[in-house]
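Chains, contacts and geometry: an overview
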Amino acid sequence: MSRYFVKRILQTIPLMLVISILVFLFIHMIPGDPARTMAGLDAEQSEVEAIREEYGLNDPLIVQYVNYMKGLFTGDLGRSLKSDTPVAELIVDRMQNTLKLVFAGILWAPVLGIFIGVIFSDQERKALDHGCMLLAITGLSAPGFWLGLMGIQIFSVQLGWLPSGGLDSWTGYILPSFTMGCGIMAVLARYSRSSMLETLREDYVRTARAKGQKEFLVMFLHAFRNSLIQVITILGLQIGGLLSGSVLTETVFSIPGMGRLLVDSIAFRDYPVIQGLLMLFAFQYVIINLIVDLLYGVINPKIRYD
């Protein structure tokens, strides 16, 4: 089993290298001159050139990439062009709010989504099943920013039950976590239901039923674990989407997190901050997918030998 784990971990190294190259090139393809933005529109060309020289913007791209990677391995992501603050410090300051928000969404959305899909997988072609799947499709189709704005309008403006922004109290997490988690719940409900329906048609499930086992034991002892492979794949991707999906949620609810920092940095063309955040968002997808692969080996030992 350790051999399987090591193999999967080693496979992520070239992937992360490719991601770093793509993110670096993407940032340098964005139109605009960050040095001109820092100096101001009325600045002399000599001032702009001095800023470009100070931040290494005149160096060849390959030199800039090598220098960036050297800093990346030492935790140095450069300095913000807007505030001259270390990028790593800016991200760490904002990360706490984003992680709290993501954790609030993880607490309920995956659990409720899998629960709905599993419970109603034995209600195929029944009215309750169709109603739950209709609700799931609605949650999947509704844009996150629209859900957030409707939640603010109804529960904050009209009813006054919940705050419209910020994370000053536990009630402040309800609307943002609902906005972020609704799509995850809907996706997992659909996939867990379809996976369970497929598993329930297997021969070993029919055998368990023929032996007279209770339906509850058949569902959760035999079928549920074997249906988890597909569900865990989707769960990993959706949890990864929570972090990058915080951009819209934090903007709608005025939460000072990493998503809001990314929006502000794009508006100012603060390339080092944008690059650091995109790199972080991309790497967390890779790490989550690695964890999902390792969970495969725990759930299904056969995968370890493939």
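Described below are features of the structure shown in this document.

Parameters at a glance
Residues numbered from 1 in each chain as written. Predicted model: local features only at pLDDT ≥ 70, side-chain atom pairs only at ≥ 80, totals over all residues. Heavy atoms only, no water. Helix = DSSP H or I, 4+ residues; strand = E, 2+ residues; numbered from the N terminus. Buried < 20%, exposed > 50% of the residue type's maximum accessible area, 1.4 Å probe, protein only. Contact = heavy atoms within 4.5 Å. Areas by Shrake-Rupley, 256 points an atom, 1.4 Å probe, with all protein chains shown as cover. Axes fitted to C-alpha atoms, helices over the stretch in contact; angles between N-to-C directions. Parallel < 35°, antiparallel > 145°, perpendicular 65-115°, else oblique. Left-handed = near helix turned anticlockwise from the far one by under 90°. Nonpolar A, V, L, I, M, F, W, Y, C, P; charged D, E, K, R; others polar. Core = buried A, V, L, I, M, F, W, Y, C linked by side-chain atoms within 4.5 Å. Phe/Tyr/Trp six-rings, centres within 6.5 Å; stacked < 30°, edge-to-face > 60°. Expected span 1.5 Å × (residues − 1). Patch = residues over 30% accessible without salt bridge, like charges linked within 9 Å, V, L, I, M, F, W, Y side chains within 5 Å. Salt bridge = Lys/Arg side-chain N within 4 Å of Asp/Glu carboxyl O. Arc of directions from axis to C-beta.

1. Points about the overall build of the protein
In terms of helices and strands, the protein carries 14 helices and 0 strands. Starting at the N terminus, the α and β elements of the protein follow one another as α-α-α-α-α-α-α-α-α-α-α-α-α-α. Buried positions account for 42% of the 306 residues belonging to the protein. Taking the intrachain contacts of the protein between residues at least 6 apart in sequence as the baseline, contacts between residues at least 24 apart amount to 72%. On the protein, roughly 16800 Å² of surface is accessible, and the fraction owed to carbon and sulfur atoms is 65%.

2. Description of the packing of helix 5 (residues 87-119) against helix 13 (residues 258-268)
Taken N-terminus to C-terminus, the directions of helix 5 and helix 13 make an angle of 135 degrees; their axes are 7 Å apart at the nearest point. Regarding the angle of helix 5 to helix 13, the classification is oblique. Across from Leu 90, Ile 91, Arg 94, Met 95 and Thr 98 in helix 5, the residues of helix 13 making contact are Met 258, Gly 259, Arg 260 and Leu 261.

3. A short note on the packing of helix 5 against helix 8 (residues 174-200)
Two elements in contact, helix 5 and helix 8, have axes whose closest approach is 7 Å; the angle formed by their N-to-C orientations is 30 degrees. Classified by the angle their axes make, helix 5 and helix 8 are roughly parallel. For the pair helix 5 and helix 8, the crossing hand works out as right-handed. Across the contact of helix 5 with helix 8, the residue classes break down as 19 nonpolar, 6 polar and 1 charged.

4. Points about the nonpolar core
Within the largest apolar cluster, 51 residues are counted, with the highest numbers of intra-cluster contacts made by Ile 91, Leu 188 and Leu 277. Secondary structure elements with two or more residues in this core: helix 1 (2-29), helix 4 (61-73), helix 5, helix 8, helix 11 (228-244), helix 13 and helix 14 (271-299).

5. Observations regarding the environment of Met 196
Checked against the element boundaries, Met 196 lands in helix 8. On a C-alpha basis, the gap between Met 196 and Val 231 in space is 9.6 Å, while along the polypeptide they are 35 residues apart.

6. A few points about the packing of aromatic side chains
Applying the stated criterion to the full structure yields 4 aromatic pairs. Seen from their ring centres, Phe 24 and Tyr 65 are 5.4 Å apart, and the 70 degrees between their planes marks the pair as edge-to-face. On the criterion of sequence distance, the pair formed by Phe 24 in helix 1 and Tyr 65 in helix 4 is long-range, its members being 41 residues apart. An identical accessibility class is assigned to Phe 24 and Tyr 65; each is buried. On the basis of an interplanar angle of 10 degrees and a centroid distance of 6.4 Å, the ring pair of Trp 108 and Phe 178 is categorised as stacked. Residue Trp 108 is found in helix 5, and its partner Phe 178 is found in helix 8; the two are separated by 70 residues along the sequence. Assessed through its relative accessible area of 24%, Trp 108 is described here as partly exposed. Through successive ring pairs, a cluster of aromatic residues spans Phe 24, Tyr 65 and Tyr 68.

7. Overview of helix 7 (residues 144-158)
Between the first and last C-alpha of helix 7 there are 20 Å, a value that for 15 residues agrees with the 21 Å anticipated at 1.5 Å per step. Buried residues of helix 7: Leu 147, Gly 148, Gly 151, Ile 152 and Ser 156, and no others. Turning to helix 7, the residues buried within the fold contact helix 8 and helix 12 (246-252).

8. Some remarks on a nonpolar patch on the surface
Judged by side-chain polarity, Phe 145, Trp 146, Leu 149, Met 150, Ile 154, Phe 155, Leu 159, Trp 161 and Leu 248 come together as a nonpolar surface patch covering roughly 880 Å² of accessible area. The greatest single-element share of the nonpolar patch, amounting to 6 residues, is contributed by helix 7. Looking at the element boundaries, Phe 145 is found in helix 7. According to the relative accessible area criterion, Phe 145 is partly exposed, its value standing at 41%.

9. Some remarks on helix 3 (residues 45-54)
Within the span of helix 3, buried status applies to Val 48, Ile 51 and Arg 52. Buried residues of helix 3, seen end-on, are gathered within an arc of 100 degrees and therefore sit on one face of the element. Counted as exposed and oriented over 90 degrees from the buried face of helix 3: Ser 46, Glu 53 and Glu 54.

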